[in-house]
Amino acid sequence: VTQALFLQAYPNPTNGVLNITFLAKDNSNYQIEILDMTGRLVFNESNKAQAGINFLNYDFSSLPKGVYMLKARCGNNYEALRIFIK
């Protein structure tokens, strides 16, 4: 059963610096992907999550302004949301 990660990304819209938080049920691997609106992968990271709330910080100011899809997976849990780079 897939459950929500309680994924948050802020500030949204952003000038580039984006904080991402998600809830991990256990110490499992996570994957963060950013796709542009054509579906092209523009960012991908995999790492180990700690059980509980995980805080990540990225600088996407090098990406063109626009709408992107943020996809996060941790263990069997998955969530996606739109982010806006201005």
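For the structure itself, consult the block above.
Since this is a predicted model, take the numbers as computed values, not measurements. (Residues numbered from 1 in each chain as written. Predicted model: local features only at pLDDT ≥ 70, side-chain atom pairs only at ≥ 80, totals over all residues. Heavy atoms only, no water.)

Chemist: Go over a nonpolar patch on the surface, please, and point to the residues and values.
Modeler: Taken together, the side chains of Tyr10, Ile53 and Phe55 present a nonpolar region at the surface, about 360 Å² in accessible area. Its location among the elements puts Tyr10 in strand β1 (residues 8-10). Under the relative-accessibility criterion, Tyr10 is labelled partly exposed at 37%. (Patch = residues over 30% accessible without salt bridge, like charges linked within 9 Å, V, L, I, M, F, W, Y side chains within 5 Å. Areas by Shrake-Rupley, 256 points an atom, 1.4 Å probe, with all protein chains shown as cover. Salt bridge = Lys/Arg side-chain N within 4 Å of Asp/Glu carboxyl O. Helix = DSSP H or I, 4+ residues; strand = E, 2+ residues; numbered from the N terminus. Buried < 20%, exposed > 50% of the residue type's maximum accessible area, 1.4 Å probe, protein only.)

Chemist: Please give an account of the sheet that holds strand β7 (residues 77-85) that cites residues and values.
Modeler: Sheet architecture is open: four strands sit in the order β4-β3-β6-β7, paired in antiparallel fashion. Two strands bound the open sheet, and with one partner strand each, they are β4 (41-48) and β7. Sheet twist, expressed as the average angle between the axes of neighbouring strands with direction ignored, equals 15°. Pairing geometry for strand β3 (residues 29-36) and strand β6 (residues 66-74), over seven bridges, is antiparallel. Residue pairing in the sheet places Tyr30 in a bridge with Cys74 of β6. (Pairing = 2+ DSSP bridges. Axes fitted to C-alpha atoms, helices over the stretch in contact; angles between N-to-C directions.)

Chemist: Residues and numbers for the packing of aromatic side chains, please.
Modeler: Under the definition given, this model contains four aromatic pairs. Geometrically, the ring pair formed by Phe43 and Tyr58 is edge-to-face, given 5.0 Å between the ring centres and 65° between the ring planes. Here Tyr58 lies in strand β5 (residues 52-59) and Phe43 lies in strand β4, a separation of 15 residues in the sequence. (Phe/Tyr/Trp six-rings, centres within 6.5 Å; stacked < 30°, edge-to-face > 60°.)

Chemist: If you had to explain unusual backbone geometry to someone new, which residues and values would you point to?
Modeler: Of note, the bond from Tyr10 into Pro11 is cis; its omega dihedral lies within 30 degrees of zero at -10°. Counting through the fold element by element, Pro11 comes out in the loop between β1 and β2 (17-24). For the bond running from Asn12 to Pro13, omega is 10°, close enough to zero to count as cis. Tracing the backbone shows Pro13 in the loop between β1 and β2.

Chemist: I'd like to hear about the nonpolar core, residue by residue, with values.
Modeler: Judged by nonpolar contacts, the single largest core of 22 residues is most densely connected at Ile20, Phe22, Tyr30, Ile32, Leu70 and Ile83. For this core, the secondary-structure elements that each account for two or more residues are β2, β3, β5, β6 and β7. Apart from residues no more than four positions distant in its own chain, Ile32 is found in contact with Ile20, Phe43, Asn44, Glu45, Leu56, Tyr58, Leu70, Lys71 and Ala72. (Core = buried A, V, L, I, M, F, W, Y, C linked by side-chain atoms within 4.5 Å. Contact = heavy atoms within 4.5 Å.)

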